[in-house]
Amino acid sequence: MNNKILNKASLLLALLCISVPSFSHAQQPKPNILFIAVDDLNDWIGCMGGHPQTITPNLDRLAKSSMFFTNAHCSAPACNPSRTAIFTGISPHRSGLYANNQKMREIMPEVELLPKTLSRQGYYSGGSGKMLHYFIDARSWDEYFPKAESENPFPRTLYPETRPLSLPRGGPWQYIETDWGPLQATDQEYGGDYLVADWISKKLAVKHDKPFFLACGIYRPHEPWFVPEKYFKPFPLDSIQHPTGYKADDLDDLPVEGQRRGPNRYFAHIQKEGQWEQAIQGYLASIHFADAMVGKVLDALDASPYADNTIVVLWSDHGWHLGEKQHWQKFTGWRVCTRVPLMIRTPAGKPGVCARPVSLTSLSPTLLDLAGLPAIKQHDSPSLVPLLNRPAAKWPHVAITDLEEPGSFSVSDDRWRYIRYKTGGEELYDNQSDPHEWHNLAESTAHAMQLEKYRALSPKNFAPKLALNVSSLPRLKVIPSSLAKTPGSQPDGNPFDVVFVNQSSAAIRIYWMDEKAKPKFYFEVEPGQYKRQQTRPGAVWFVADKDGADIGYIQMDDRSARVVIAKQ
Ligand SMILES: [Ca+2]
Ligand SMILES: [Ca+2]
């Protein structure tokens, strides 16, 4: 054991005059760790009071027996950057991983993730379900379900036979999973998170000869909101209440960047289809289901030999909008999107409530601290152990949430929240009087001092955002066709890149099809070369060979992709 670490720990104990479990002592057995993630869960849990109708008895009982953080924030309001920051302990503005369409192992090929650090220090690291963004990172785990080598974290899951089930697709811009409805199935037939909770529960029932780190990734309430019917039953459609944070004229006082980021087509489409209440019902049902799966795991822990020597951590990767600021989904800097449930229960720790601003990037250093393991230099956020011991302890930190373009972020402290967009727009909110962030005070002269304070506390340097390697982009099918029979573009939605990769032995010619299906020549791609082009959902591109002979066309989906012209 590193003496410096021991001295630091003893000093901390002396300073705080409290007793914490002496896990840092080499002779003491290490605590087990149960690490539970719930995807896309906002504050709609009973103990956070986000929605009056939510039913979450298991999350509530865990909160009661834990240090329950009421002011915890994600380091990015999207799965991939948030989870990467949790597992690496490195914030997006330091790593350069800001968005879902980047790849962790391209940006940080060698970084060690928390489960690997723990394995290296004598732990068994096992996991199941979604912990990272749609991959497992096999090398970081001792065991995974499904098998780590598959790099697919999802066990079989029941989906409706025909889709969409409830919400008609609004256009090519729409994420295919935005849909909801009950399934006639038992939990077992449904599979998915049930199988994840079941695997974790079984791991809790067996004898371990090493301390364990067990990661349980519950996927609901991530879309689509299909769960067994029994979880819909407590929420009859005619009883559904709108989000308490919704205010129809909330956008007037926002800077132009906020006015642009708030309203999106999802919410407009859902309202147009008259499905706002169905959607809220689907989210409540999915949360209720996720809560039951958490309950299954907590019951398994209670019944196991590890009930008294296991740290339990439960977190969500970011919040979620259901109409607040005319927004649906995530990706914003407002509190509804950055604030997350966070509960940490330690074997000897006292339950409590902590309102200090904390970041999920602190989870890795906190667990190493609790396990008495050496700190890792790259971790950029403080351990939460002082707050686990004394929730009102002095805490000179703010929580930073990076948005997906470098230089846009929010800062959360005990009371205030500050948002800045890279193009200069600013927002300032007093959460004490305004928890829904309805009143932007950034323009108010009475709050000039606060504004200055948060400008000063803002990150100053932002790692550049690296584009995805072409080979990692999803590949779109080229549909064989003649130019005459190729449909026109119906571009609709936000722009992104398409990359034309020419693996054939001759040049290829790329045309854009206009709305009337008239081709417009764009460029040639030489053999062995590729070319990046901005496009939009619903756009149609045509590929011909160097002599103008037809190859086929590509219709753009809702995200970046590559088009590969193979050897002719
Ligand atoms: Ca998520
Ligand atoms: Ca407002």
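Keep in mind that this is a model prediction, so the values were computed, not measured.

J.: Outline the environment of Ile 344, listing residues and values.
T.: Among the secondary structure elements, Ile 344 is positioned in strand S11 (residues 339-345). The exposure class of Ile 344 is buried, given its relative accessible area of 3%. When the C-alpha positions of Ile 344 and Ala 507 are compared, they lie 59 Å apart, and in sequence the two are 163 residues distant. When neighbours within four sequence positions are excluded, Ile 344 is seen to be in contact with Ser 66, Met 67, Phe 69, Ile 311, Val 312, Val 313, Leu 363, Leu 384 and Leu 388.

J.: Explain the coordination of the calcium ion (ligand 1) to me, using residue names and the numbers behind them.
T.: Here the calcium ion (ligand 1) is held by Asp 39 (OD), Asp 40 (OD), Cys 79 (SG), Asp 317 (OD), Asp 317 (OD) and His 318 (NE2), and the distances to it run 2.1 to 2.8 Å. Seen from the calcium ion (ligand 1), its 6 donor atoms lie at angles of 50 to 151°, and the figure they make is irregular. The sequence pattern formed by the donor residues of the calcium ion (ligand 1) is D-D-x38-C-x237-D-H. Separated by 238 residues along the polypeptide, Cys 79 in helix H3 (residues 79-88) and Asp 317 in the loop between strand S8 (310-316) and strand S9 (321-322) bring together distant segments of the chain. Each member of the pair Cys 79 and Asp 317 is classed as buried.

J.: Lay out helix H8 (residues 193-205) with the relevant residues and their values.
T.: If you check H8, its first and last C-alpha atoms are 18 Å apart, about what 13 residues at 1.5 Å a residue would give, namely 18 Å. Buried residues along H8 sit in contact with strand S1 (32-38), strand S3 (124-129), strand S4 (143-145), helix H7 (187-190), strand S6 (212-218) and helix H11 (276-302).

J.: A description of the pairing of strand S14 (residues 399-402) should follow, citing residues and the corresponding values.
T.: Remember that side chains alternate between the two faces of the sheet whenever the strand is regular. By the alternation rule, side chains of S14 split into Ala 399 and Thr 401 and Ile 400 and Asp 402, which are all buried. Where S14 hands over to strand S15 (residues 409-412), the hairpin turn is made up of 6 residues, of which Gly 407 adopts a positive phi near 105°.

J.: Before we move on, can you summarise the pairing of strand S16 (residues 416-420) with the specific residues and values?
T.: Taken across its 5 residues, S16 has 4 buried, putting it largely inside the fold. Direction of pairing for S15 relative to S16: antiparallel, over a ladder of 4 bridges. Residue pairing in the sheet places Ser 410 in a bridge with Ile 419 of S16.

Reading the values: the criteria
- The residue count restarts for each chain, going from 1 along the sequence in the order it is written.
- Here every chain gets a letter starting at A, and every ligand a number starting at 1, in the order they are written.
- Confidence filtering applies because this is a predicted model: local features only for residues at pLDDT of at least 70, side-chain atom pairs given and counted only at 80 or more, and all residues used for totals across whole chains, interfaces and linings.
- Note: side-chain values were computed over all heavy atoms of the structure, leaving out hydrogens and water.
- A run of H or I in DSSP counts as a helix once it spans at least four residues, and a run of E counts as a strand once it spans at least two, with each numbered from the N terminus.
- Exposure categories follow from relative accessible area, calculated using a 1.4 Å probe and restricted to protein chains: below 20% of the type maximum is buried, above 50% is exposed, and the middle band is partly exposed.
- Whether two residues are in contact is decided by their heavy atoms: any pair within 4.5 Å suffices.
- In this listing, donors mean N, O and S atoms no farther than 2.8 Å from the metal, or 3.2 Å for Na, K and Ca; water is missing from the atoms, so a site can look incomplete.
- Site shape is set this way: if four donors have all angles between 85 and 135 degrees, tetrahedral; if opposite donors are over 155 degrees apart and all others between 65 and 115, square planar for four donors and octahedral for six; otherwise irregular.
- Multiplying one less than the number of residues by 1.5 Å gives the expected span of a helix.
- Strands are labelled as partners when DSSP assigns at least two bridges between them.

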